[in-house]
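Below, each chain spelled out in residue letters.
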Amino acid sequence: MTRPSPIERARLVGERLDSAYKLLERCTVCPRCCEANRLAGERGRCGAPHEVIVSSVSLHHGEEPPVSGLGGSGTIFFTHCNLKCVFCQNYPISHQGQGEPMTSDELAAAMLHLERLGAHNVNLVTPTHYAPQILEALGRAFERGLEIPVLYNCGGYESVEMLELLDGLIDIYMPDMKYADAEAARKLSSAPDYPEVNRRAIREMHRQVGDLELDERAIAVRGLLVRHLVLPNNLAGTDAIMRFLAEEISPDTAISLMSQYFPQYHASRFPEIARRITADEYRAAQEAMERHGLRRGWYQNQPIDTDTHSIRRILARDTRPKERA
Ligand code: SF4
C-alpha cells in the first residue's frame, strides 16, 4: 500500500479532529470509558488533564534494533497512563505525573526537530490517553512536512474507535500484549478486560499496517511489532498470546520477547511477582514462540545480565519473511 503524503495526512487529520476531540467530552478515548469531561478539566482513571504533559523528548538508542537503528528513535514520552500496573518501571512518569505541559504546536515542533536530528521515526510513548491531542499535533507536523514514520508505542489497552481515527496516520504500531488471563490483568493492572480489549486492538492495528516491514537498512518503515514482557510464574500467559498471534494475526508477526521484568513500584506487595524471571522461565517463553512457528523478532539478554533498557542480541535469524527478502 502506498504511504499517504504529509499533505494527504494533514487533510485526513483535518477530517477527523472534531470526532477525536468529541471523545474527550465524556472521555471514551480509551476502554476505561470514564466519561470524565476532559475538555472541562476533569480527570479520569489515567489522571491526565486536558493539556498534554510530556516527560521527555529525545533520541533513544535502546529500543528494538529496527526502531532505534543507528540514528536513534525520536522518542516523545507522555506522562500518565491508562493502565495501573503495580510493577510499572516508569511509575514517576506514568503514575506520579512527572513532566511539563506542551501545546500542539510545541509537540509538532518537537517531532520536526527529532526528524532534523536524524531520528528514524517519531516514537509516541504511552500516547493512548492523549490520542486526540496527539492527532492535532501530528496534523500540524504533517502540514510542515513531517516525513519519517510515526510509531505508536502503547500498552495495548486501546479503543478501536480511537484507533480507527488514526488509520493512515500511524506507520508502525508497537503495542504490548501483557496478559492472556483476566484475573492476572485485574490484579496487576486493574484491567480485567485487558485480554479481550487487547486482542481487538491488535487485530485493528494489524488490519491497518500489516506485518512489520523493514527497509534496505533494516529499519522499520511500517507494520506491527508486538512487545511481550515475560512475567514470573507465567502470569503473562505467554503460550496463549503466542498462539493468538500465530493463529489469528499472522505467523509473520514480529515480536519483541522481553526478559527485563524487575519488581518495581508496588510489585513487592505481590509475592508472585516480587522477583525477576528465571532463565528457565525465559527459555520457556522462547520455546512457546518457536512452538507456534513465530520466527520474526528479538530476544532480549538473559535475565541474569539484562540491561533494563536495551535489547542487544538478535537471536532470531533475519526477520524478514522469505517473500520480502
Ligand atoms: S483516557 Fe483517561 S479519562 Fe479517558 S477513558 Fe481512558 S482512563 Fe478515562
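For the structure itself, look to the data block above.
Residues numbered from 1 in each chain as written. Predicted model: local features only at pLDDT ≥ 70, side-chain atom pairs only at ≥ 80, totals over all residues. Heavy atoms only, no water.

Visitor: Just checking my understanding: could you explain helix α9 (residues 238–249) for this structure?
Guide: When the terminal C-alpha atoms of α9 are compared, their 15 Å separation across twelve residues agrees well with the 16 Å that a helix rising 1.5 Å per residue should span. On its buried face, α9 is in contact with α8 (194–209), β8 (220–229), β9 (254–258) and α10 (279–291). (Helix = DSSP H or I, 4+ residues; strand = E, 2+ residues; numbered from the N terminus. Expected span 1.5 Å × (residues − 1). Contact = heavy atoms within 4.5 Å.)

Visitor: Is there a simple way to explain the nonpolar core in this structure?
Guide: Looking at soluble globular proteins, one finds that nonpolar side chains tend to be buried together. If you look at the biggest cluster of nonpolar residues, it comprises 91 residues, and the most contacted ones within it are Phe87, Leu146 and Leu245. Among the elements that line this core, the one with the most residues is helix α1 (residues 6–25), at eight residues. Residue contacts for Phe87: discarding those within four places in its chain leaves Tyr179, Leu188, Leu229, Leu231, Tyr261, Phe262, Gln264, Tyr265, Ala267 and Ile273. Counting ten residues, the second-largest nonpolar core is a separate cluster that includes Leu151, Met174, Leu214 and Leu225. (Core = buried A, V, L, I, M, F, W, Y, C linked by side-chain atoms within 4.5 Å. Buried < 20%, exposed > 50% of the residue type's maximum accessible area, 1.4 Å probe, protein only.)

Visitor: Where do I start with the pattern of salt bridges in this structure?
Guide: Opposite charge on two side chains permits them to pair, given that their charged atoms come into close proximity. In total, this model carries 21 salt bridges according to the counting rule given. Notably, a salt bridge pairs Lys22 with Glu25, separated by 3.5 Å at the nearest N-O pair. Here Glu25 and Lys22 lie together in helix α1, a separation of three residues that amounts to about one turn. Overall, Lys22 belongs to the exposed group, its relative accessible area being 52%. The exposure class assigned to Glu25 is partly exposed, which follows from its relative accessible area of 34%. With a closest N to O distance of 3.0 Å, Arg207 and Asp167 form a salt bridge. Of this pair, Arg207 sits in helix α8 while Asp167 is found in the loop between α6 (160–166) and β6 (172–175), placing the two residues 40 residues apart along the sequence. One salt-bridge network, held together by shared partners, links Arg3, Arg9 and Asp171. (Salt bridge = Lys/Arg side-chain N within 4 Å of Asp/Glu carboxyl O.)

Visitor: Sorry if this is basic, but what is going on with the site of the ligand here?
Guide: Around the ligand sit Cys27, Cys30, Arg32, Cys33, Cys34, Arg38, Gly44, Arg45, Cys46 and His129, and those are all the residues in its vicinity. Of the residues in the shell around the ligand, the class split is five nonpolar, two polar and three charged. (Near = heavy atom within 4 Å. Nonpolar A, V, L, I, M, F, W, Y, C, P; charged D, E, K, R; others polar.)

Visitor: When you look at helix α7 (residues 182–189) in this model, what are you seeing that I'm missing?
Guide: An α-helical segment advances 3.6 residues per turn. Residues three or four places apart therefore align on the same side. Three or more residues of α7 are buried, namely Ala184, Ala185, Leu188 and Ser189. The arc that holds every buried residue of α7, seen down its axis, measures 100 degrees, which confines them to one face. In this fold, the buried residues of α7 make contact with α8. Two or three places before Glu183, at the opening of α7, Asp181 has a side-chain oxygen 3.3 Å from that residue's backbone nitrogen. (Arc of directions from axis to C-beta. Polar contact = N/O pair within 3.5 Å; in protein donor to acceptor, adjacent residues only side chain to side chain.)

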